[in-house]
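Survey of secondary and tertiary structure
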Amino acid sequence: MPSSVPSKPRASPPAAENWEIYARQVKRSDGSLAYQCLWTAKDNDASVPCLYTSKKQLVKRHVETTHLKVKRFICEICNKAFPQKTSLDIHKHGHTGDTPHACIYNCGKAFKDPARRHRHHIEAHGYVPKQFKRKYKASIPNPEQSEYESLEPWRPLDS
């Protein structure tokens, strides 16, 4: 089947419709609002809270996929279910043989999923990925900052 065939979402379980019972709105230290996962798990007879915190839509996705195990997207070829459409699309490339993720260094290689292409960039071309440290970014952007991370050891900005 061609990869352009849309997948039909699976009906949500009742708990997924009420994902907000597993989350609460919190105020961050900078005053902005966020959502926090309230799911608790047992670890050696102790309840351990998840406390994942992010934007509303990301906490919703986290609760549904990580804790409620909602898998709305189903492969029409093998009936395997996935929590996100992008996961299904990458899976379908295995059936179709499509390799839509071409190497940005124009070496002629292409990959079925972007993670394999990223690993290729690192291993074959020496690409050093920029680490995403939103928490510790300087408040004023530096226009001369390289798109690659410094090779100096990391340290918090406030020390």
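Looking at an unreviewed UniProt entry, one finds the chain named C2H2-type domain-containing protein, with Pleurotus eryngii as its source organism.

What follows is about the nonpolar core. If you look at the biggest cluster of nonpolar residues, it comprises eight residues: Trp19, Ala23, Tyr35, Cys37, Val59, Val63, Leu68 and Val70. Among the elements of the structure, strand E2 (33-37) and helix H2 (56-67) are those that each provide at least two residues to this core.

Here we come to the side chain of Gln36. Turning to its location among the elements, Gln36 is positioned in strand E2. On the accessibility criterion, Gln36 (12% relative accessible area) is buried. A polar contact of 2.6 Å, which involves the side chain of Gln36, links it to the side chain of Arg24. Within the structure, the side chain of Gln36 is placed 3.2 Å from the side chain of Thr53, a separation counted as a polar contact. With residues up to four places along the chain from it excluded, the contact list for Gln36 reads Tyr22, Ala23, Arg24, Val26, Leu51, Tyr52, Thr53 and Val59.

Reading guide: rules and limits
- Numbering of residues starts from 1 in each chain and follows the order in which that chain's sequence is written.
- Totals for whole chains, interfaces and linings use all residues, but because this is a predicted model, local features are given only for residues with pLDDT of at least 70 and pairs of side-chain atoms are given and counted only at 80 or more.
- To get the side-chain values, take all heavy atoms of the structure and skip hydrogens and water.
- Grouping buried Ala, Val, Leu, Ile, Met, Phe, Trp, Tyr and Cys residues that are joined through side-chain atoms within 4.5 Å yields what is termed a nonpolar core.
- The buried label goes to any residue with under 20% of its type's maximum accessible area, the exposed label to any with over 50%, and the partly exposed label to all in between, with areas taken from a 1.4 Å probe on protein chains only.
- Helix numbers and strand numbers start at the N terminus; a helix is a DSSP run of H or I with at least 4 residues, a strand a run of E with at least 2.
- In the analysis that follows, any N or O atom pair within 3.5 Å is treated as a polar contact, provided that within protein one partner can donate a hydrogen and the other can accept it, and provided that, for residues neighboring in sequence, both atoms belong to side chains.
- It only takes one pair of heavy atoms within 4.5 Å for two residues to be counted as in contact.

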